[in-house]
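So the chains spell out like this:
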Amino acid sequence: FVVSFRHSLFFRAFLPSVEVKSGSNNTISGVLGVIGIFWNTHRGAIQGNGMIDEKLRPMVGMFHDSAQDTILIGNIAAGSERSGFSGPGISCKLNWSLPNEALSCLAGFWFDGYTIAKNNFDCTSASNFLFWKIYMYGIYGEITAGTTVKINNISIADAKVGV
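Residues numbered from 1 in each chain as written. Predicted model: local features only at pLDDT ≥ 70, side-chain atom pairs only at ≥ 80, totals over all residues. Heavy atoms only, no water.

## Some remarks on the environment of Gly 108
Logical step 1: Along the chain, the position of Gly 108 falls in strand E9 (residues 100–111).
Logical step 2: Its relative accessible area of 0% is what places Gly 108 among the buried residues.
Logical step 3: In sequence terms Gly 108 and Ile 156 are 48 residues apart; their C-alpha atoms lie 8.6 Å from each other.
Logical step 4: Not counting the four nearest positions on each side in its chain, Gly 108 is found in contact with Ser 83, Gly 84, Phe 85, Ala 102, Phe 131, Ile 134, Tyr 137 and Gly 138. (Helix = DSSP H or I, 4+ residues; strand = E, 2+ residues; numbered from the N terminus. Buried < 20%, exposed > 50% of the residue type's maximum accessible area, 1.4 Å probe, protein only. Contact = heavy atoms within 4.5 Å.)

## Some remarks on the state of the cysteines
As used in these notes, a disulfide is a covalent bond between sulfur atoms, one from each of two cysteines.
Logical step 1: Under the definition given, this model contains one disulfide.
Logical step 2: What pairs with Cys 92 in a disulfide is Cys 123, and their sulfur atoms sit 1.9 Å apart. Residues Cys 92 and Cys 123 are joined through a disulfide that is left-handed, its torsion about the S-S bond being -80°. Pair noted here: Cys 92 is in the loop between strand E8 (90–91) and E9 and Cys 123 is in strand E10 (residues 123–140), with a separation of 31 residues, a long-range link. (Disulfide = S-S within 2.5 Å.)

## Points about the pairing of E9
Along any regular strand, the residues point their side chains to alternate faces of the sheet.
Logical step 1: The buried fraction of E9 is high, at 10 of 12 residues.
Logical step 2: Of the strand pairs in this sheet, strand E6 (residues 76–80) and E9 are connected by three bridges, and their pairing is parallel. Looking across to E9, one finds that Ala 77 is bridged to Ala 102.
Logical step 3: Inspection of the sheet shows strand E7 (residues 83–87) paired to E9 by four bridges, in the parallel sense. Considered in E9, the bridge of Ser 83 is made with Ala 107. (Pairing = 2+ DSSP bridges.)

## Some remarks on the confidence of the model for the chain
Logical step 1: Residues of the chain with pLDDT of at least 70 account for 81%, and the chain-wide mean is 83.
Logical step 2: Of all helices and strands in the chain, the one with the weakest mean pLDDT is helix H1 (residues 113–118) (70), whereas E6 scores best (95). (pLDDT = per-residue confidence, 0-100.)

Structure follows, in structure tokens:
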């Protein structure tokens, strides 16, 4: 089945605040997230304690996709302690029509190499994003060999590293 989550607001939520765990062609549209708190830094927790998937969980996004080809349209991640968006990206054959935005986050988009490998993607993409006031990476990913990554229509301002 397909899930659609639209026109919502959340404030001060643990990361990932919106997570799609399964299925394909789910839609998250018009959602504003303000202040995403990483569970392992909240109230003095020990960094890394209980950490799995060490290349993803430390930077899991406010909006995280563990499924396949989840469509993100016009969402805003404002103030994430980690990334604004994370996941495997979408098939190179698809394209998001409205931009998603991340501001005041540690990273803009964090590619989830675990899900890319699990789904055997041959080509994945991130497109139509605006990232600004990003502390570290606009887009980051450690992608396994054999996967083509396409990045289209991305605007990054005020980040230490773009892509």
